[in-house]
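Architecture and fold: a report
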Amino acid sequence: MLESTRAGAIPANPTKAEAAPLETTGNLVFRKRRELLFRRLAAAVTWSVILILGTLLYRIAADGLPWLSLEFLSGTPSRFAHKSGIYPALLGTAWLMGLTALFSIPLGVAAAIYLEEYASRGRFTRIVELNIANLAGTPSIVLGLLGLTVFVRFFGLGRSLMAGALTLTLMILPTIIIASREALRAVPHTIRQAAYAVGATRWQTVRGQVVPAAIPGIMTGIILALSRAIGETAPLIVIGALSYVAFAPSGPMDQFTTLPIVIFNWASRPKVEFQQIAAAAILVLLTAMLLMNLTAIMIRQRAQRRHRQ
Amino acid sequence: MNLTPNTQASLAADAAHPTVVECREFSVYYGDKQAVRSVNLGFPEKQVTAVIGPSGCGKSTLLRSVNRMNDFVPGLRTDGRILFRGENLYRDRVDVVEVRKRIGMVFQKPNPFPKSIAENILWGPRINAMVARGREASEELVESSLRKAALWDEVKDRLDDSAFGLSGGQQQRLCIARTIAMRPEVILMDEPCSALDPRSTAKVEELIAELRQEYTIAIVTHNMQQAARVSDKTAFFFEGKLIETGPTKKLFTAPEQKQTEDYITGRFG
Ligand SMILES: Nc1ncnc2c1ncn2[C@@H]1O[C@H](COP(=O)(O)OP(=O)(O)OP(=O)(O)O)[C@@H](O)[C@H]1O
Ligand SMILES: [Mg+2]
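What counts, and at which threshold
- Residues numbered from 1 in each chain as written.
- Chains lettered and ligands numbered in written order.
- Predicted model: local features only at pLDDT ≥ 70, side-chain atom pairs only at ≥ 80, totals over all residues.
- Heavy atoms only, no water.
- Near = heavy atom within 4 Å.
- Polar contact = N/O pair within 3.5 Å; in protein donor to acceptor, adjacent residues only side chain to side chain.
- Areas by Shrake-Rupley, 256 points an atom, 1.4 Å probe, with all protein chains shown as cover.
- Helix = DSSP H or I, 4+ residues; strand = E, 2+ residues; numbered from the N terminus.
- Nonpolar A, V, L, I, M, F, W, Y, C, P; charged D, E, K, R; others polar.
- Salt bridge = Lys/Arg side-chain N within 4 Å of Asp/Glu carboxyl O.
- Buried < 20%, exposed > 50% of the residue type's maximum accessible area, 1.4 Å probe, protein only.
- Expected span 1.5 Å × (residues − 1).
- Arc of directions from axis to C-beta.
- Contact = heavy atoms within 4.5 Å.
- pLDDT = per-residue confidence, 0-100.
- Domains from an automatic or database assignment.
- Buried area = accessible area lost by both parts, 1.4 Å probe.

Now for the site of ligand 1. Residues and elements named next belong to chain B. Close to ligand 1 lie 13 residues; Ser55, Lys59, Ser60, Thr61 and His222 are nearest. The contact in question runs from an oxygen atom of ligand 1 to an N or O atom on the side chain of serine 55, over 2.4 Å. With respect to ligand 1, the side chain of histidine 222 contributes an N or O atom lying 2.6 Å from an oxygen atom. For ligand 1, the protein covers 63% of the area, taking 630 Å² as the surface of the free molecule. Looking at which element gives the most residues to the shell around ligand 1, the answer is helix α2 (residues 59-66), with three residues. When grouped by side-chain class, the residues that make up the shell around ligand 1 number four nonpolar, six polar and three charged.

This is the structure in structure tokens:
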């Protein structure tokens, strides 16, 4: 009795086995077709992007590779393309990125930790969040003007690496903060509870458990931010980075130029040779960026290996 | 104070098992909603006290109040007292870190730290400066804690592997080992077996019986057989109120309240 009512209420098995063939039919045909279509579309888009990038890279490599040499890396700019080198710009970029990382990473991660782990949700946090979002949306050239007024003039830093790094810090800080907050938020609540339950203070919990578990996500944000900073030109030109510097900077208060600025300068000259050494400088810049990202990815993967499995 | 016969029984601790933790007229509110209603309940030393009752009756809320884990819940308010060895845990200037060092907790879902097995044990003692520097002391603590949690034999060759590589049951025993490593006086367990299979559950139950020699244990469980098996004392809650408490044997064989009887015989809840 019980059996039959149950079967009557919910037909667990079709009464006629042949009514449900195992081949694709009806609605499933349509769904499968749609899935195939979508997969092909996604593949087509991916491949066209790769193709475009590949062409671009090929053109640059074809133009630039013949010019790459030790003299090019260690030389100073010149009126003649074949005597030109990028040493001051290369060091300028290295210094600038080093200083920017030095300022922006601790500041950004600390701000994220504060906002995510300490600040109570109130008017103050909302205002800070709004400002961060606005800063993220500010065109970099505007930040350059801000840097010019505040760092170069008001704080009297002059057209120095310091002023440049601080301006770039302003520019990438929102990215680092937002990504780090996201990463901190993704750390499961249960881990925090476990930490508190063994007698950890809030700071010990954050430092010993939450931040280490969030490192991979934080590193991703840092990679994105620094990659953007390394290619930035406009704000640096606004604050007065020079395009012709014969000497490499030796300290944070020195004047400087960077690879993107030199590339911009060379690429805008009419002579073909200069276009070609611009391509060579682009290759150097790309390599530098790649090395920087590789380092960050390695740190990220070490953290991941330690914390997941 | 106006004591019902029930609460008198729970307050009258015998000499061998003095009350370690004692709730007195203790209430918890989430905003306007009262989740724990004026509870009087004692947890005798080196005994297992089971807390049972239907879902949502405030068991977890009460348990989390004992080691002040509820402090993190916004909008939560408490009333009354919880005495820990005679001291009110809710008076001013009680250091919650100190409280949690002495009253450990095992959670419903295993929540090992995303670190190695050994690190899971050592992290708490280390940040509280409870383990001497040097490898020997650390290794000793790891081994003794894992042994007590009946996990040593299964993991002794992979102490440096991630704790996430363990099975659910092993992870839960690791969490118990992590709690033991802090040498707490009381261990609170909130449905420690609900995510485990029968074999792991049996292991954890054996473990509880073992730990009972040294620790005062409070365990929340939905499993009547489990409560009957592992506990010395049982407290039955319904809608935030303590309905009945007493020796487990008595409560399961001759409950005084109709509600208790209905619940333990599975007629509701
Ligand atoms: N953070 C919270 N905010 C508001 N109300 C809550 C919160 N946590 C629990 N409650 C409410 O308090 C009451 C008691 O919850 P509690 O988690 O203590 O029940 P429980 O007995 O542990 O239930 P279960 O057996 O399902 O775990 C429930 O009605 C629940 O909805
Ligand atoms: Mg619960």
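Right, let's get into the pattern of salt bridges. For the coordinates displayed, the defined rule picks out 23 salt bridges over all chains. For A:Glu116, the salt bridge is made with A:Arg185, and the minimal N-O distance between the two is 3.1 Å. Here A:Glu116 is found in helix α4 (residues 87-118), whereas its partner A:Arg185 is found in helix α7 (residues 161-185), with 69 residues between them in sequence. Among the residues examined, A:Arg185 registers a relative accessible area of 45% and is labelled partly exposed. B:Arg85 is the salt-bridge partner of B:Glu185, the closest N and O atoms lying 2.6 Å from each other. Residue B:Glu185 is located in the loop between α7 (168-181) and β7 (186-190), and its partner B:Arg85 is located in the loop between β4 (76-84) and β5 (87-88); the two are separated by 100 residues in the primary sequence. Classification of B:Glu185 by relative accessible area gives partly exposed; the value is 22%. One connected set of salt bridges, linked through shared partners, spans A:Glu116, A:Arg121, A:Glu129, A:Arg181, A:Glu182 and A:Arg185.

The α-helix advances 3.6 residues per turn, and as a result positions three or four apart in sequence lie on the same side. All names here are of chain B. Over its 14 residues, helix α8 (residues 198-211) extends 20 Å from the first C-alpha to the last, a length consistent with the 20 Å expected when each residue adds 1.5 Å. Along α8, the positions that sit buried rather than exposed are Ser200, Thr201, Val204, Glu205, Leu207, Ile208 and Leu211. All buried residues of α8 fall inside an arc of 160° around its axis, so they share one side. Exposed and facing more than 90 degrees away from the buried side of α8 are Pro198, Arg199, Glu206 and Glu210. For α8, the secondary structure elements touched by its buried residues are β3 (48-52), α5 (135-148), α7, β7, β8 (216-220) and α9 (224-230).

Glancing now at the confidence of the model for chain B. Residues and elements named next belong to chain B. Averaged over chain B, the pLDDT score is 89; the fraction of residues at 70 or greater is 94%. Note that pLDDT drops below 50 for residues 1-12; the model gives that stretch 16 contacts with residues more than four away or on any other chain. We note a pTM of 0.81 for the whole complex and an ipTM of 0.89 for its interfaces.

A separate point is the domain arrangement of chain A. Often the size quoted for an interface is simply the accessible area lost on bringing the parts together. All names here are of chain A. Under the domain assignment used here, chain A contains domain 1 (14-66) and domain 2 (70-308). At the interface, six residues of domain 1 touch six residues of domain 2. Regarding the contact of domain 1 and domain 2, the summed buried area is about 460 Å², with carbon and sulfur atoms giving 83% of it. Ranking the residues of domain 1 by area buried against domain 2 places Ile60, Asp63 and Gly64 at the top, with a combined share of 77%. Applying the counting criterion to the domain 1 and domain 2 interface returns zero salt bridges. Inspection of the domain 1/domain 2 interface yields zero residue pairs in polar contact (both at pLDDT 80 or more).

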